[in-house]
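In case you want the letters, here they are:
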Amino acid sequence: MALLINAQALSKSFGAEALFENINFTVEENTRVGLIGPNGSGKSTLLRILAGQLDADSGEVAVRKRVSFSYVSQDSQFEQGDTVRGVISRAADSITSAEVVETLGRAGLDDLEAEVAAFSGGWKKRLAIVEAIVRHPEILLLDEPTNHLDLAGIEWLEGVLERWRGAAVVISHDRYFLENVATEMVELNRAYAGGLFRVPGNYSTFLEKKAEYLHAQAKRQDALENRVRTEMEWLRRGPKARTTKSKARIDKAKELIGELADLQSRSRTSSADIDFSATDRKTKRLLELKGVRCFLGGRTLFDGLDFVVTPGMRVGLVGPNGSGKTTLMRLLLGHMEATAGTIRRADLLRMVYFDQNRPLDPTVTLRRALAPDGESVIYQDRVLHVASWAARFLFTSEQLNQPVSRLSGGERARVLIAKLMLEPADVLLLDEPTNDLDIPTLEILEESLMEFKGALVLVTHDRYLLDRVSTIVLGLDGEGGVGRFADYSQWEEWQEQTKRAKSKPAPAAASAPAAPPAPAKKKLSYLEAREYETIEQRIAEAEETLAAKQATLHDPAIMSDGRALQDAAQAVEEAQAAVDKLYARWSELEEKKG
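Residues numbered from 1 in each chain as written. Predicted model: local features only at pLDDT ≥ 70, side-chain atom pairs only at ≥ 80, totals over all residues. Heavy atoms only, no water.

Section: the packing of helix α2 (residues 84–91) against helix α4 (residues 121–133)
- Interaxial distance between α2 and α4 falls to 8 Å at its minimum, and their mutual angle equals 25°. The orientation of α2 with respect to α4, classified from their angle, is roughly parallel. By crossing handedness, the relation of α2 to α4 is classed as right-handed. In this structure, α2 contributes Val-84, Val-87, Ile-88 and Ala-91 to the contact, and α4 contributes Leu-127, Val-130 and Glu-131.
- In terms of residue class, the contact of α2 with α4 is built from six nonpolar, no polar and one charged. (Axes fitted to C-alpha atoms, helices over the stretch in contact; angles between N-to-C directions. Helix = DSSP H or I, 4+ residues; strand = E, 2+ residues; numbered from the N terminus. Parallel < 35°, antiparallel > 145°, perpendicular 65-115°, else oblique. Left-handed = near helix turned anticlockwise from the far one by under 90°. Contact = heavy atoms within 4.5 Å. Nonpolar A, V, L, I, M, F, W, Y, C, P; charged D, E, K, R; others polar.)

Have a look at this one:
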């Protein structure tokens, strides 16, 4: 395939900090390149250089003649007073062409007179992407396009890219999205020789090849360490450099030492240390919702919501933008009142909330944002200096006196997570915590949430995290309906069935059957009633079993035996699954009992 962009030996620094050095990056026709890398590795900077919006410090970017670009930044900005019609008219030759009309329809932007200022972040992102593609560029450059999109919006964007006939470079941390759209993967990371690692294929293929690369690199490092050790012993004996052979060996030893130092520096990786603190509360029912209805903005968001939140339950909350996910979070917090129904909270319930709008004072320093009351914080009954606390979240001592306004989106997210970790919680309420986080930090966040002993209610557009973390999915359709599902796939199937049912033509009035009577309220059967009577006792016994299994993991005899440790970890996982299953069954019986 023909090259559209050929960037060679690019380097870029901001101040004394080098983002990347001497990297090569190419874009070929009809390829969709997924670009990933740790926060601060320079992904957005590289994309702006490719788009011609920023100059590299050194290196060259060669672009094929008459190649056109469309660039969509992380933050979608529009002119004051813009409407959908105004934005698209500036981008397209004809807003009435069949292609443009179809593109707008697929994006859900049917109201051409709608004012952009009233749009949510997700709808602004949709409009920015549509504005880019109706220009018919040969290369699309998209920087975190899934940020602010809801799950339906992400699936719409996947469809757009799968049908795209040009080339695209997409920065994203959404692993399912990369799996579905990328034909090539590039990770920008100093851990690799050359500053990046490129693999043809989707995200799964990339992970396989990356594992092979790192394994080979580790073997090379081991071999180098052995050779350098031998050469160092020879050098300590003081060989004379009079002979050509001795001089050549000394030069080779220096070369090996330099190569090893480079490998060791690239192999050193840092990751955020995330670990939420749960309280020791033994209460079985943390939150109980009965018949909850919310009427807001002239419509019913949800109605008849019955739900019980118990310790260990991890609830994934899904639904289109405007369906009431954040509103439900505010109801749980007590920041607003339900239109009807009741929400009961356990006595002295401690809830910690992550706000998707990330309210941080931009004028305060990172030091004060992390430690508002002094030079230290108290975490899990230990006093930690603010510099040590900052290091856990990959901040350097030099950054402590910088204002928050200079932090990237991912860095701000890490500050908020750090603040949450200082508050022991019975219930974590996380509203879109994954925006701007890099993939390594996402993986650590997932592990921490899965180990959290309290309850979790999570709103996220990251389907991978949703599937991995959630024990139950609560779906809001935005029209008053609520359903509970085992996972995201089940929610998708339910949505498809609902759409098909709505699209079927209504039968003629003369032949329409009478509406069926409302179903009688379900009651527990005899066997279910017996099951309900004993389920709390069985949960208590299952939790005791889980605690005993967890205790074995700390047995020194087990910890020194790899096979026994693996078996013990498997036993803990099975015990945890048994507890989760019992809590889920208890919730089902509670709902049926009414």
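Text resumes after the structure shown.
Remarks on empty space enclosed by the protein
- Here the structure, examined in full by the defined rule, presents one cavity of 30 Å³ or more.
- In this structure, the largest cavity occupies an estimated 80 Å³ of space.
- Taken together, Leu-289, Leu-305, Phe-307, Val-309, Val-315, Leu-317, Leu-328, Leu-332, Val-457 and Leu-474 form the lining of the largest cavity.
- Contributing elements (two or more residues each) for the lining of the largest cavity: β11 (299–309), β12 (314–318) and α9 (325–333).
- Examining the composition of the lining of the largest cavity, we find that three residues originate from one element, β11, more than from any other.
- When the residues that make up the lining of the largest cavity are grouped by side-chain class, the tally is 10 nonpolar, no polar and no charged. (1 Å grid on protein atoms, 1.4 Å probe; cavity = no way out; pocket = protein on both sides within 12 Å on 5 of 7 lines; lining within 4 Å. Points joined across faces, edges and corners; volume = space filled by probe spheres on them.)

A closer look at the side chain of Ser-448
- Here Ser-448 is to be found in helix α13 (residues 439–451).
- Residue class for Ser-448 comes out buried when judged on its relative accessible area of 3%. (Buried < 20%, exposed > 50% of the residue type's maximum accessible area, 1.4 Å probe, protein only.)

Brief notes about the packing of aromatic side chains
- According to the stated counting rule, one finds 11 aromatic pairs in the structure shown.
- For the ring pair Tyr-176 and Tyr-464, a centre distance of 5.5 Å and an interplane angle of 80° mean the geometry is edge-to-face. Placement of the pair is Tyr-176 in helix α6 (residues 175–181) and Tyr-464 in helix α14 (residues 463–469), with a sequence separation of 288 residues.
- Clustering of aromatic rings is evident, with ring pairs tying together Tyr-192, Phe-197, Tyr-203, Phe-206 and Tyr-213.
- Directly above the ring of Phe-25 sits Arg-198, whose terminal nitrogen or CZ lies 5.3 Å from the centroid. (Phe/Tyr/Trp six-rings, centres within 6.5 Å; stacked < 30°, edge-to-face > 60°. Lys NZ or Arg CZ within 6 Å of the ring centre and 35° of its normal.)

Notes on the sheet that holds strand β2 (residues 17–28)
- Ordered in space as β2-β1-β4, the three strands form an open sheet in which the pairing is antiparallel. Only two strands of the sheet have a single neighbouring strand rather than two, namely β2 and β4 (58–63). Adjacent strand axes in the sheet meet at a mean angle of 15° when their direction is disregarded.
- Taken together, the eight bridges between strand β1 (residues 3–14) and β2 define a ladder with antiparallel strand orientation. Bridging from a neighbouring strand, Phe-14 pairs with Glu-17 of β2. (Pairing = 2+ DSSP bridges.)

Considering the sheet that holds strand β17 (residues 427–431)
- Judged by pairing direction, the sheet is mixed, and its six strands sit side by side in the order β14-β17-β18-β12-β19-β20 without closing on themselves. Of all the strands in the sheet, the pair left with one neighbour each is β14 (351–354) and β20 (482–485). Strand-to-strand, the axes of this sheet are offset by a mean angle of 15°, without reference to chain direction.
- Examined bridge by bridge, strand β19 (residues 472–476) and β20 share four bridges and lie antiparallel to one another. When the bridges of β20 are listed, Leu-474 appears paired with Arg-484.
- Across the sheet, α9 lies against β12, β14, β17, β18 (455–459) and β19, angled at about 155° from β17, the strand it touches most.

Some words on the pattern of salt bridges
- Counting across every chain of the model gives 23 salt bridges.
- When the shortest N-O distance is used, the salt bridge between Glu-138 and Arg-64 registers 3.9 Å. Taken as a pair, Glu-138 in the loop between α4 and β6 (139–143) and Arg-64 in the loop between β4 and β5 (69–72) lie far apart in primary sequence, 74 residues in all.
- With a shortest N-O distance of 2.8 Å, Arg-468 and Glu-446 are connected by a salt bridge. With Arg-468 in helix α14 and Glu-446 in helix α13, this residue pair connects regions lying 22 residues apart in the sequence.
- Judged by relative accessible area, which is 1%, Glu-446 ranks as buried.
- Overlapping salt bridges bring together Arg-175, Glu-446, Glu-447, Asp-462 and Arg-468 as one network. (Salt bridge = Lys/Arg side-chain N within 4 Å of Asp/Glu carboxyl O.)

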